[in-house]
Amino acid sequence: DTGVSQNPRHKITKRGQNVTFRCDPISEHNRLYWYRQTLGQGPEFLTYFQNEAQLEKSRLLSDRFSAERPKGSFSTLEIQRTEQGDSAMYLCASSFSVAGVETQYFGPGTRLLVL
Amino acid sequence: AQKVTQAQTEISVVEKEDVTLDCVYETRDTTYYLFWYKQPPSGELVFLIRRNSFDEQNEISGRYSWNFQKSTSSFNFTITASQVVDSAVYFCALSFISGAGSYQLTFGKGTKLSVIP
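Rules and cut-offs
- Residues numbered from 1 in each chain as written.
- Chains lettered and ligands numbered in written order.
- Predicted model: local features only at pLDDT ≥ 70, side-chain atom pairs only at ≥ 80, totals over all residues.
- Heavy atoms only, no water.
- Contact = heavy atoms within 4.5 Å.
- Buried area = accessible area lost by both parts, 1.4 Å probe.
- Salt bridge = Lys/Arg side-chain N within 4 Å of Asp/Glu carboxyl O.
- Polar contact = N/O pair within 3.5 Å; in protein donor to acceptor, adjacent residues only side chain to side chain.
- Helix = DSSP H or I, 4+ residues; strand = E, 2+ residues; numbered from the N terminus.
- Nonpolar A, V, L, I, M, F, W, Y, C, P; charged D, E, K, R; others polar.
- Disulfide = S-S within 2.5 Å.
- Buried < 20%, exposed > 50% of the residue type's maximum accessible area, 1.4 Å probe, protein only.
- Phe/Tyr/Trp six-rings, centres within 6.5 Å; stacked < 30°, edge-to-face > 60°.
- Lys NZ or Arg CZ within 6 Å of the ring centre and 35° of its normal.
- Pairing = 2+ DSSP bridges.
- Axes fitted to C-alpha atoms, helices over the stretch in contact; angles between N-to-C directions.

All right, on to the interface of chain A and chain B then. Across the contact, 25 residues belong to chain A and 21 residues belong to chain B. Both sides together, the interface formed by chain A and chain B hides about 1900 Å², and carbon and sulfur atoms give 51% of it. Along the contact surface separating chain A from chain B lie zero salt bridges. Put simply, chain A and chain B have 10 residue pairs in polar contact (both at pLDDT 80 or more) between them. At the level of secondary structure, the elements contributing two or more residues to the side of chain A that touches chain B comprise β4 (31–37), β5 (44–50), β6 (53–57), β9 (88–95) and β10 (105–106) of chain A. For the side of chain A that touches chain B, the element with the most residues is β4 of chain A, which contributes four residues. Of the residues that constitute the side of chain A that touches chain B, the class distribution is 12 nonpolar, nine polar and four charged.

Looking now at the state of the cysteines. Residues and elements named next belong to chain A. Overall, the coordinates contain two disulfides over all chains when judged by the stated rule. Each sulfur of the disulfide joining C23 and C92 lies 1.8 Å from the other. What sets the handedness of the C23 and C92 disulfide is the S-S torsion sign, and at about -65 degrees it is left-handed. Remark: C92 occurs in strand β9 and C23 occurs in strand β3 (residues 19–24); sequence separation between them is 69 residues. For C23, a relative accessible area of 0% puts it in the buried group.

Take the pattern of salt bridges next. Close approach of charged atoms lets side chains of opposite charge pair. Residues and elements named next belong to chain A. Evaluated as defined, the whole model comprises seven salt bridges over all chains. Between D24 and R22 there is a salt bridge, with the nearest N and O atoms lying 2.8 Å from each other. Taking the relative accessible area as the measure of exposure, R22 reaches 35% and is therefore partly exposed. Note that E102 is salt-bridged to R31, the shortest N-O span being 2.6 Å. You can see E102 sitting in the loop between β9 and β10 and its partner R31 sitting in strand β4, a full 71 residues away along the chain. The exposure class of R31 is buried, given its relative accessible area of 6%. Connected through salt bridges with shared partners, the residues R64, E83 and D86 form a single ionic network.

A few words now on the packing of aromatic side chains. Within the structure shown, the criterion is met by 24 aromatic pairs over all chains. Plain terms: the ring middles of Y33 of chain A and Y35 of chain A are 6.2 Å apart, the flat faces sit at 25 degrees to each other, and that makes the pair stacked. Accessibility assignment for this pair places Y33 of chain A and Y35 of chain A in one class, buried. Arranged with centres 5.0 Å apart and planes meeting at 5 degrees, the rings of W66 of chain B and F77 of chain B form a pair that is stacked. Placement of W66 of chain B in strand β8 (residues 64–69) and of F77 of chain B in strand β9 (residues 74–79) is noted, with a sequence separation of 11 residues between them. Here W66 of chain B matches F77 of chain B in class, with each residue buried. The rings of Y33, Y35, F45, Y48, Y105 and F106 of chain A together with F35, Y37, F47, F91 and F107 of chain B are connected pair by pair, giving a single aromatic cluster. In this structure, R22 of chain A packs its charged tip against the face of F74 of chain A, placed 3.9 Å from the ring centre.

This paragraph deals with the environment of Q6 of chain B. Residues and elements named next belong to chain B. When you line up the elements, Q6 lands in the loop between β1 (3–5) and β2 (10–14). For the pair formed by Q6 and G108, sequence separation is 102 residues and the distance between their alpha carbons is 5.7 Å. If sequence neighbours within four positions are ignored, Q6 has contacts with D22, W36, Y90, F91, C92, G108, K109, G110 and T111. For Q6, the side chain forms a polar contact with the main-chain nitrogen of C92, separated by 3.1 Å.

Next up on the list: the sheet that holds strand β7 (residues 65–68) of chain A. Residue and element names in this part refer to chain A. A sheet is described by the order of its strands in space; here four strands give the open sequence β1-β3-β8-β7, paired in antiparallel fashion. Since the sheet does not close on itself, it has two edges, and those belong to β1 (5–7) and β7, each with one partner. The average angle at which neighbouring strand axes cross in this sheet is 15 degrees, direction not considered. As paired strands, β3 and strand β8 (residues 75–79) are joined by five bridges and run antiparallel to one another.

Pasting the structure below:
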C-alpha cells in the first residue's frame, strides 16, 4: 500500500498537554500539507513543506503549533498546551507537482479531542 | 481571496435517483484548479477529479459527471443512478499557487449526501 498514512488515528488528551501527530506521505511525493477540519466544515490549510523546508504557514497556525519534516520524508505536527478549541481532525496530504499541476492525496486523519 | 460555496448542506435521495451537487467559486486568478473530494464516514478524503481553469470540457467517469462553467463560476457534480455506497460528504475545492509555491486548497463546507435504499 503506497497511500498516505497518519498516526495515531485518534487521540484524547487533557487541556494543557502536548500532543504530536505523524504523517508518512506517498514515498515519491516531495510536497506535504497539513490541514485542520472542524465539525461540519471543510478542511483548512495549516502549513506546507517542499522536501524538508517549511515554506508556508497559515495564520491559523498559532505559536503553540509546530511542524517538521526532517530529511523530507515523514512529518510531525506538535501542539503544545492544548486547548479545547484544538479539537478537530488533522489531515495530512502529499503531492508531486508536474509542470505546475498537482493533486493532493490525503491520509485518514488524526482525530483529536481535548477534554 | 479564494472562496468556495456549496449551498446544499444535506441532500437525501432514494437509490437509483440522479443527484447534482452544486459548487460555486470565487477567485481573481486566471490560472486555477478545481477539485471534488469524497469523505466517507471513515474520514479519509478521496480524490475524484481535477479540472484546470482552461479546460471547460465536461467529463464523465462511469456514473459520475462534472459540468464546469466558467461564465457562472460553477463546477457541479452529478451522480447518475445513485447507490448506497455514494453516501458521504462531498467537498468542492479550489487551488491556486501561492507566493511560496504551495497549491493550498480552499474547500467549501461540503454537501452531505444520503442515499436511501
